[in-house]
Amino acid sequence: MQVYPLADHGYCIYHLSQNVKLSCKNVNRELVATKFMECAKAYTEAEFKKLYAAFIKRYPAAGAYLDRTVGQNKWVRCYFLGARYNIDTTNTVESINGVFRYVRAYALLPMIDAMVTKLSEWFNKYRKISLETPRTQKLIPFVENLMHIRCVEATLLPVTELNSYFLEYNVTVVGGSSYVVDLVEKTCSCKLFDIDKYPCVHAIAAALEAGKKNRNSDPIA
Ligand SMILES: [Zn+2]
């Protein structure tokens, strides 16, 4: 925290789920872990409260364990104080541990040499891939693919302009629910845009509407 002052501390929800399920007796423990993960991944406070109320009603021992041991801002996505993006687990750290599983048994200097070699190999590989990638593709493949799907869905959503100066829009989805998008602040009331840091389907619909008004601007760039 002293080295990275903008970082905040949160728990790996997979490891926490393994502790939570052990706090319950005479129930399907795998289901406890699954339901806990669903609560942890909620994007909005309303969604979390609804899921968590059902969770603690069904598994009161798990609720008591969580209340006793962990603050909600350490595991609930929508209450996290920093920028957690969509990273809920320590999978990346576990992967690195796996890569250096044997190397970690070396003496210090050979261990550092082996790690530098591996990191250099990765940097070289991905430098080449990035140079071969078209300049128009600014996103990583996972998000690029997601954007392709969302862009198609976004064209079908009705959008109402709320404030053309601050680029605020109301977007209605199938079923009648409405979401408010602010393209200047890069937020949406569904909270995906705020937390994941790339546009949700509502933000894309709003950006398409804004683009119609000003063909030369790119509001979400
Ligand atoms: Zn949204």
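Reading the values: rules and limits
Residue positions are given per chain, counting from 1 as you read along its sequence in written order. Given that this is a predicted model, residues contribute local features only at a pLDDT of at least 70 and side-chain atom pairs are listed and counted only at 80 or more, while totals for whole chains, interfaces and linings are drawn from all residues. Fitted lines through C-alpha atoms give the axes, limited to the stretch in contact for helices. The angle between two N-to-C directions lies from 0 to 180 degrees. Helix and strand definitions here come from DSSP, where helices need a minimum of 4 consecutive H or I residues and strands a minimum of 2 consecutive E residues; each element is numbered from the N-terminal end. Oblique is the label for any angle not covered by the other classes, which are roughly parallel (under 35 degrees), roughly antiparallel (over 145) and roughly perpendicular (65 to 115). Take the far helix as your reference; a near helix turned counterclockwise from it by less than a right angle gives a left-handed crossing, and one turned clockwise gives a right-handed crossing. Contact between two residues is assigned when their C-beta atoms, built from the backbone, lie within 7 Å. Amino acids outside the nonpolar list (Ala, Val, Leu, Ile, Met, Phe, Trp, Tyr, Cys, Pro) and the charged list (Asp, Glu, Lys, Arg) are all regarded as polar, and Gly is one of them. Field definition: a residue is buried when 20 or more other C-beta atoms are found within 10 Å of its C-beta, exposed when 12 or fewer are, and partly exposed for counts in between, with C-beta atoms placed from the backbone. Those domain boundaries reflect an automatic or database domain assignment.

The protein chain goes by SWIM-type domain-containing protein in an unreviewed UniProt entry, where it is assigned to Arabidopsis arenosa.

Asker: I'd love a proper account of the packing of helix 1 (residues 13-22) against helix 2 (residues 29-40), names of residues and values included.
Answerer: Running from amino to carboxyl end, helix 1 crosses helix 2 at an angle of 135 degrees, the nearest separation of the two axes being 9 Å. Here helix 1 lies oblique to helix 2, going by the angle between them. Where helix 1 crosses over helix 2, the handedness of that crossing is right-handed. Where helix 1 approaches helix 2, its residues Ile13, Ser17, Gln18, Val20 and Lys21 are matched on the opposing element by Arg29, Val32, Ala33, Phe36, Met37 and Ala40. A per-class count over the contact of helix 1 with helix 2 returns seven nonpolar, two polar and two charged.

Asker: Describe unusual backbone geometry, listing the residues and the values that go with them.
Answerer: A negative phi holds for most residues other than glycine; trans holds for most peptide bonds. Of note in this structure, Lys186 is not a glycine but carries a positive phi near 60 degrees. Note that Lys186 resides in the loop between strand 3 (178-182) and strand 4 (187-188). The residue Lys197 is not glycine, and still its phi comes out positive at about 75 degrees. Tracing the backbone shows Lys197 in the loop between helix 8 (192-196) and helix 9 (201-213). For Lys197, a count of 12 C-beta atoms within 10 Å corresponds to the exposed category.

Asker: Provide a residue-level description of the domain arrangement of the protein chain, including the pertinent values.
Answerer: Here the protein chain is partitioned into domain 1 (13-79), domain 2 (92-132) and domain 3 (141-213). Measuring from the centre of the C-alpha atoms in domain 1 to the corresponding centre in domain 3 gives 30 Å. Taken together, the four residues of domain 1 in the interface contact four residues of domain 3. Counted by class, the side of domain 1 that touches domain 3 contains two nonpolar, one polar and one charged residues.

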